[in-house]
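Examination of the molecular architecture
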Amino acid sequence: MLRSSRMIHLSIFTVFAAAVYEAGAQQKSYECHRAKTPVRVDGRLDDRVWKAAAWTTDFVDIEGSVKPIPRFRTRAKMLWDDEYLYIAAELEEPEIKATLTKHDSVIFHDNDFEVFLKPGEAPGYFEFEINALNTGWDLYLNKPYREGGKADNSWEIPGLKTAVAIHGTLNDSSDKDHGWTVEIAFPWSAFASRLPVAKPEVGDQWRVNFSRVEWKAGVTKEDNWVWSPQGLINMHVPEHWGYLRFDGPRTVAGGRSGRQHGANGLQ
Ligand SMILES: [Ca+2]
Ligand SMILES: [Ca+2]
Ligand SMILES: [Ca+2]
């Protein structure tokens, strides 16, 4: 009895989520090129190899186009090589703030940047959150919460490299900041303690999404801005994430050498 009512509940949720999703969302995809040189993980996005990588589209509200465009611009880039999956993020922010300094804190209690990665068909996936103090929270979900999944904070990433650059002043509201930039290098060995994940090959495809939690003074509910809109206020629906497509090195064709994607950003 209990079990069937729970299943009905789940199927209602699924139908509801699908309907909302159709109304507000459109999945994104990103061609992730092999990096010709390693990324220097210092938080600054001025590496030559980043300049040749495309920006994602600007982040939108988690519910999609049914909600207003976010107040501040957020976008990301990805690269990969034999050692790492590299992620760069740029978060426009007039007042950069962060308080949490303990690893595996609930980082979204601060303004944050979040990465969600699902490497294969197995239901498990990985989440990483970071704040402007470069404090990280790595966790594994064996399946989505709505299916009874549990957060496993004991997932750790030996060899992880992260850095944040502050373009302005941190925790000083007397001025107006430009924003913060993030670099993350996930070693391919990061996932093996939970799922049999191998280094990808050209042509492989993972699911990925990025989220930014932004708090506004005097408002108790946070904003959630994401790359690939979820269609509902829930990041834990991996089937709504975007696609990460692993490609070879970026080739220059038709005299498009040095072509820039998007306006110059925070470096
Ligand atoms: Ca750098
Ligand atoms: Ca952890
Ligand atoms: Ca400031």
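Residues numbered from 1 in each chain as written. Chains lettered and ligands numbered in written order. Predicted model: local features only at pLDDT ≥ 70, side-chain atom pairs only at ≥ 80, totals over all residues.

Looking now at the pairing of strand β5 (residues 112-118). Within β5, 7 of the 7 residues are buried, which leaves the element mostly enclosed by the surrounding structure. The alternating pattern of β5 places Asp 112, Glu 114, Phe 116 and Lys 118 on one face and Phe 113, Val 115 and Leu 117 on the opposite face, and all of these are buried. Bridging between β5 and strand β11 (residues 205-214) involves 7 bridges; their strand directions are antiparallel. Each bridged residue has a counterpart across the sheet, and for Lys 118 the counterpart in β11 is Arg 207. Pairing analysis gives 5 bridges linking β5 to strand β6 (residues 125-130), with the strands arranged antiparallel. Within β6, the residue paired with Phe 116 across the bridge is Glu 127. What sits between the antiparallel neighbours β5 and β6 is a turn of 6 residues. (Buried ≥ 20, exposed ≤ 12 C-beta atoms within 10 Å, placed from the backbone. Helix = DSSP H or I, 4+ residues; strand = E, 2+ residues; numbered from the N terminus. Pairing = 2+ DSSP bridges.)

Turning our eyes to something else, we now look at the nonpolar core. With 58 residues, the main nonpolar core has Met 78, Leu 79, Tyr 86, Ile 87, Ala 88, Ala 89 and Val 182 as its most contacted residues. Among the elements that line this core, the one with the most residues is strand β4 (residues 84-92), at 7 residues. Apart from the residues within four sequence positions on either side, Ile 87 is in contact with Ala 76, Met 78, Val 115 and Ile 184. (Core = buried A, V, L, I, M, F, W, Y, C linked by C-beta atoms within 7 Å. Contact = placed C-beta atoms within 7 Å.)

For the rest of this paragraph, the subject is the environment of Leu 160. Here Leu 160 lies in the loop between β8 (151-152) and β9 (161-167). Judged by C-beta crowding, with 16 C-beta atoms within 10 Å, Leu 160 ranks as partly exposed. Along the primary structure Leu 160 and Tyr 84 are separated by 76 residues, whereas in three dimensions their C-alpha atoms are 9.0 Å apart.

Within the secondary structure, Ala 165 sits in strand β9. A tally of 19 C-beta atoms within 10 Å means that Ala 165 is categorised as partly exposed. Remark: the alpha-carbon pair of Ala 165 and Gly 43, spanning 122 residues in sequence, is separated by 4.6 Å. Discounting residues that sit within four places of it in the chain, Ala 165 has contacts with Gly 43, Arg 44, Trp 180 and Thr 181.

Right, let's talk about unusual backbone geometry for a bit. Positioned with a positive phi, Asp 104 is a non-glycine residue whose angle comes to about 65°. Here Asp 104 is to be found in the loop between β4 and β5. You can call Asp 104 partly exposed: it has 16 C-beta atoms within 10 Å.

This paragraph deals with the pairing of strand β3 (residues 74-80). Counted residue by residue, β3 has 7 buried out of 7 residues, so it is predominantly covered. Direction of pairing for strand β1 (residues 29-34) relative to β3: parallel, over a ladder of 2 bridges. Residue pairing across strands places His 33 opposite Leu 79, the latter belonging to β3. Note: β3 against β4, 7 bridges, orientation antiparallel. The partner of Thr 74 across the bridge, within β4, is Leu 91. Where β3 folds back on β4, the antiparallel hairpin that results is connected by 3 residues.

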